[in-house]
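# Residue-level structure breakdown
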Amino acid sequence: MLYLLTEYDFFNIFRYITVRAGGAFLTALIFGFMFGRPLINILRRRQGKGQPIRDDGPASHFAKAGTPTMGGLLILSALLFSALVWARLDNPYVWIVLLVTIAFGMIGFADDYAKVTKQNTKGVSGKVRFSLGLLIAALATYAASSFHPDDLSFRLAFPVFKDLLLNMSWFFIPFGMIVIVGAANAVNLTDGLDGLAIMPVIIAAGTFGIIAYVVGNFNYTDYLGVHFVPGTGELLIITAAIIGGGLGFLWYNAPPAAVFMGDTGSLALGGALGAIAVCIKHELVLGIVGGLFVVEALSVIIQVAYFKRTGKRVFLMAPIHHHFEKKGWAEPQIVIRFWIISLILAMIGLATLKVR
């Protein structure tokens, strides 16, 4: 919105994406600090017993009973407010990512609401959530592909073999659906310990913000030999707002958490990362940068498939962070080590920009 002021010379500074990204970060961060405690108080009064705790979970989790959920509302509100203030609202990629984020957030909100009101861990049917997610992802992938340059539209780009483009035609839409829905559900599965999911999301958002800025600038893409996607640099504003809002949320989600993110936040943020990856043509890099989320999701898939086949378990409990809890690792130990892994994967993901 502030970009509209650039027609006046005094506000010319708002033309620079980096300036507006800094503004988006600070706006979302301050928003989180200001409204975090009031929101938590409201959620606690409304929810009563808070988020239900799994009966088969680690014994230490029963001490968390009564902690309110739906804290993702704080991140989403900060993100939306900040983006509307600082982003160029005539940019289609901004709206694609924002609408995906809001839509997945609504699915997560419905799931959290069902869990809290019924006081069980089932929530909305998995088939309903999955089907709605696929529909949203299909529309987002088609929209992003429609705005991509002709030589990139409906094509899969490879991070190391940069001259290789695979023309997937209409098959790119189901591929994009897998990327977005997969990212949303993988982040959702990771959100099981205080602070565990939000910092890897922040790290991934920061990484993809840098990549978006690079692929949206012809000078950088020409030097690095990556594909130029005009307009995607504006997504740096969105990722900066995710970082700011995420840090504001982490202030209250740090152990011991005063509020849980819930599906409201985890589905929304995962969907946002997936949508950004599709928009900037770095879908495969998301598998590297978000490798922690991939491992968490795979641990559940492997556990379920192996149990159905043999009646035995590969892990003591899935997702894999619960496996380490069962092995006796302290919760902060797991969380910080997973943060370190996320940071390492982010560095590897950024390194693909320079590999030729």
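Above this text is the structure in question.
First things first, this report covers the structure right here in the doc. (Residues numbered from 1 in each chain as written. Predicted model: local features only at pLDDT ≥ 70, side-chain atom pairs only at ≥ 80, totals over all residues. Heavy atoms only, no water.)

### With respect to the overall build of the chain
- For the chain, the helix and strand inventory stands at 13 helices and 2 strands.
- Relative to its length of 356 residues, the chain is compact, with a C-alpha radius of gyration of 20 Å against a globular reference of 21 Å.
- The principal-axis extents of the C-alpha atoms in the chain amount to approximately 55 × 50 × 35 Å.
- Evaluated residue by residue, the chain yields a buried proportion of 54% over its 356 residues. (Helix = DSSP H or I, 4+ residues; strand = E, 2+ residues; numbered from the N terminus. Rg over C-alpha atoms; globule rule 2.2 N^0.38 Å. Buried < 20%, exposed > 50% of the residue type's maximum accessible area, 1.4 Å probe, protein only.)

### Let's talk about helix H13 (residues 331–351)
- Its 21 residues place the ends of H13 31 Å apart at the C-alpha level, agreeing with the 30 Å of an ideal helix rising 1.5 Å per residue.
- Along H13, the residues that are buried comprise Glu 331, Ile 334, Val 335, Phe 338, Ser 342, Leu 345, Ala 346 and Gly 349. End-on view of H13: buried residues confined to an arc of 110°, all on one side of the axis.
- On the buried face of H13, the contacting elements are helix H6 (198–215), helix H10 (283–289), helix H11 (291–310) and helix H12 (320–326). (Expected span 1.5 Å × (residues − 1). Arc of directions from axis to C-beta. Contact = heavy atoms within 4.5 Å.)

### Looking at the packing of aromatic side chains
- Within this structure, the stated rule accounts for 12 aromatic pairs.
- Look at Phe 31 and Phe 35: their rings are 4.6 Å apart centre to centre, the planes differ by 45°, and that puts the pair in the tilted class. Of this pair, Phe 31 and Phe 35 are both found in helix H1 (residues 17–47), 4 residues apart, which corresponds to roughly one turn of the helix.
- Phe 31 sits in the buried class, given a relative accessible area of 16%. (Phe/Tyr/Trp six-rings, centres within 6.5 Å; stacked < 30°, edge-to-face > 60°.)

### Section: the packing of H1 against helix H2 (residues 72–86)
- Put simply, H1 and H2 touch, their axes get as near as 8 Å, and they point 145° apart. Remark: the crossing between H1 and H2 carries right-handed chirality. Each of Arg 20, Gly 23, Ala 24, Thr 27, Ala 28, Phe 31, Gly 32, Phe 35, Gly 36 and Leu 39 in H1 lies in contact with H2, whose residues at this interface are Leu 73, Leu 74, Ser 77, Ala 78, Phe 81, Ser 82 and Trp 86.
- Tallied by class, residues from the contact of H1 with H2 come to 10 nonpolar, 6 polar and 1 charged. (Axes fitted to C-alpha atoms, helices over the stretch in contact; angles between N-to-C directions. Left-handed = near helix turned anticlockwise from the far one by under 90°. Nonpolar A, V, L, I, M, F, W, Y, C, P; charged D, E, K, R; others polar.)

### As for unusual backbone geometry
- Here the amide bond leading from Pro 255 into Pro 256 is cis, since omega sits at -10°, within 30 degrees of zero.
- Inspection of the secondary structure puts Pro 256 in the loop between helix H8 (235–253) and helix H9 (262–279).
- The peptide bond linking Ala 318 to Pro 319 adopts the cis configuration, its omega dihedral lying at 0°.
- Mapped onto the elements of the fold, Pro 319 is located in the loop between H11 and H12.
- Residues other than glycine seldom take positive phi values, yet Met 70 does so here, at roughly 70°.

### Points about the nonpolar core
- Formed by 94 residues in total, the largest nonpolar core has its most connected members in Leu 235 and Ile 238.
- Tallying contributions element by element places H6 first for this core, with 12 residues.
- Excluding residues within four positions of it along the chain, Leu 235 makes contact with Tyr 93, Val 94, Val 97, Ala 212, Ile 276, Cys 279 and Ile 280.
- Residues Leu 196, Phe 324, Val 335 and Phe 338 belong to the second largest nonpolar core, which totals 9 residues. (Core = buried A, V, L, I, M, F, W, Y, C linked by side-chain atoms within 4.5 Å.)

### Section: the packing of H6 against H13
- The N-to-C vectors of H6 and H13 enclose an angle of 10°; their axes lie 9 Å apart at closest approach. Considered as vectors, H6 and H13 are oriented roughly parallel to each other. From H6, Met 199, Pro 200, Ile 203, Thr 207, Ile 210 and Ile 211 reach across to H13, where they touch Trp 339, Ser 342, Leu 343, Ala 346 and Leu 350.
- Of the residues assigned to the contact of H6 with H13, the class counts are 9 nonpolar, 2 polar and no charged. (Parallel < 35°, antiparallel > 145°, perpendicular 65-115°, else oblique.)

### With respect to the side chain of Asp 111
- Inspection of the secondary structure assignment puts Asp 111 in helix H3 (residues 92–118).
- In contact with Asp 111, not counting residues within four places along its chain, are Lys 122, Gly 123, Val 124, Arg 129 and Asp 263.

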